[in-house]
Amino acid sequence: MKMKRGLFIVFEGLDRSGKSTQSRKLHETFKALNMESELWQYPNRSTAIGDLINKYLRKEIELDDTAVHLLFSANRWETTKTLREKLNNGISLIVDRYAYSGVAYTAAKEGFSLDWCKNCDNGLPKPDLVFFMDSQNEALANRQDFGAERYETTEFQKRVYTNFKKLCYFENPT
Ligand code: DGP
């Protein structure tokens, strides 16, 4: 089934919080309903910028924190044209992480405010729906391979979680 405009759905949360599994499940559901959709992921490690980010996350290279923040954002901006085209062509996008991770992760580092972190993503296409996988870090630390990548430490994930909760509140105050 072709929709007039595709849906832009994002899954956010800590590392190993189940985002990828839920994104895949939703994608399967779309397929079963015969609705055109694609599964996307940020960072998109397949581009030149994504390759740099990948090396940074795997601790193969060191980069300045501000530069890395801008690279993650640039990685979203560089795919914006394609993203809009897909949506306008009726293809729904189910996206594992987006700009909320950009803010929550960098603001977990010393000297970065939530507001500053939001600036470079201003103007990106806005999702229609964002799911936050509300998993606490204690359980996540027991998942297989936890610790392999740069941000996978219990302390860091605790600060990221606090930031995600602040973003949930500020974006949707009750
Ligand atoms: P993933 O491929 O979903 O496991 O994400 C890789 C790691 O990068 C994960 O620890 C979350 C982090 N991350 C994702 N997006 C951003 C971002 O925009 N900025 C920062 N600083 N970190 C991010």
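Here's what I pulled together on the structure shown here. (Residues numbered from 1 in each chain as written. Predicted model: local features only at pLDDT ≥ 70, side-chain atom pairs only at ≥ 80, totals over all residues. Heavy atoms only, no water.)

### Some remarks on the nonpolar core
Threshold: Among buried residues, the Ala, Val, Leu, Ile, Met, Phe, Trp, Tyr and Cys ones that are joined through side-chain atoms within 4.5 Å form a nonpolar core. We call a residue buried when its accessible area falls under 20% of the maximum for its residue type, exposed when it is over 50%, and partly exposed in between, using a 1.4 Å probe and counting protein chains only. What counts as a helix is a DSSP run of H or I of at least four residues, what counts as a strand is a run of E of at least two, and both are numbered from the N terminus. Any two residues whose heavy atoms approach within 4.5 Å are treated as being in contact.
Counting residues in hydrophobic clusters, the biggest one holds 21 residues, and the most contacted among them are Tyr105, Tyr151 and Val160. Secondary-structure elements contributing two or more residues to this core are α2 (48–57), α3 (65–77), α5 (99–106), α6 (114–119) and α8 (154–171). In terms of residues, this core owes the most to one element, α8, which gives five residues. Residues contacting Val160, with those up to four places away along its chain left out, are Leu14, Ala104, Tyr105 and Ala108. Ranked by size, the runner-up nonpolar core spans eleven residues in total, among them Phe8, Trp40, Leu87 and Leu124.

### Section: the pairing of strand β1 (residues 8–13)
For clarity, the cut-off: Strand pairing is assigned whenever DSSP identifies at least 2 bridges connecting the two strands.
Summarising burial for β1: six of the six residues are buried, a large majority. Across the two faces of β1 the burial is the same, with Phe8, Val10 and Glu12 and Ile9, Phe11 and Gly13 all buried. By the bridge criterion, five bridges tie β1 to strand β4 (residues 129–133) in an arrangement that is parallel. Pairing of Glu12 across the sheet is with Phe132, part of β4.

### Here we look at the sheet that holds strand β2 (residues 37–41)
Threshold: Orientation is described by axes fitted as lines to C-alpha atoms, over the contacting stretch for helices, and by angles from 0 to 180 degrees between their N-to-C directions.
Across the sheet, four strands lie side by side as β2-β3-β1-β4; this open sheet has parallel pairing. Two strands lie at the open edges of the sheet, namely β2 and β4, each paired on one side alone. With direction set aside, neighbouring strand axes in the sheet form an average angle of 20 degrees. In this structure, β2 lies alongside strand β3 (residues 92–96), joined through five bridges in parallel fashion.

### Regarding the environment of Asp134
Keep this limit in mind: The definition of a polar contact used here is a pair of N or O atoms within 3.5 Å, where within protein one atom must be able to donate a hydrogen and the other to accept one, and adjacent residues in sequence count solely through side-chain atom pairs.
The topology assignment puts Asp134 in the loop between β4 and α7 (137–140). Considering only alpha carbons, one finds Asp134 and Leu71, 63 residues apart in sequence, at a separation of 26 Å. Excluding residues that lie within four positions of it along the chain, Asp134 makes contacts with Tyr161 and Lys165. Engagement of the side chain of Asp134 in a polar contact is seen with the side chain of Tyr161, the distance being 2.5 Å.

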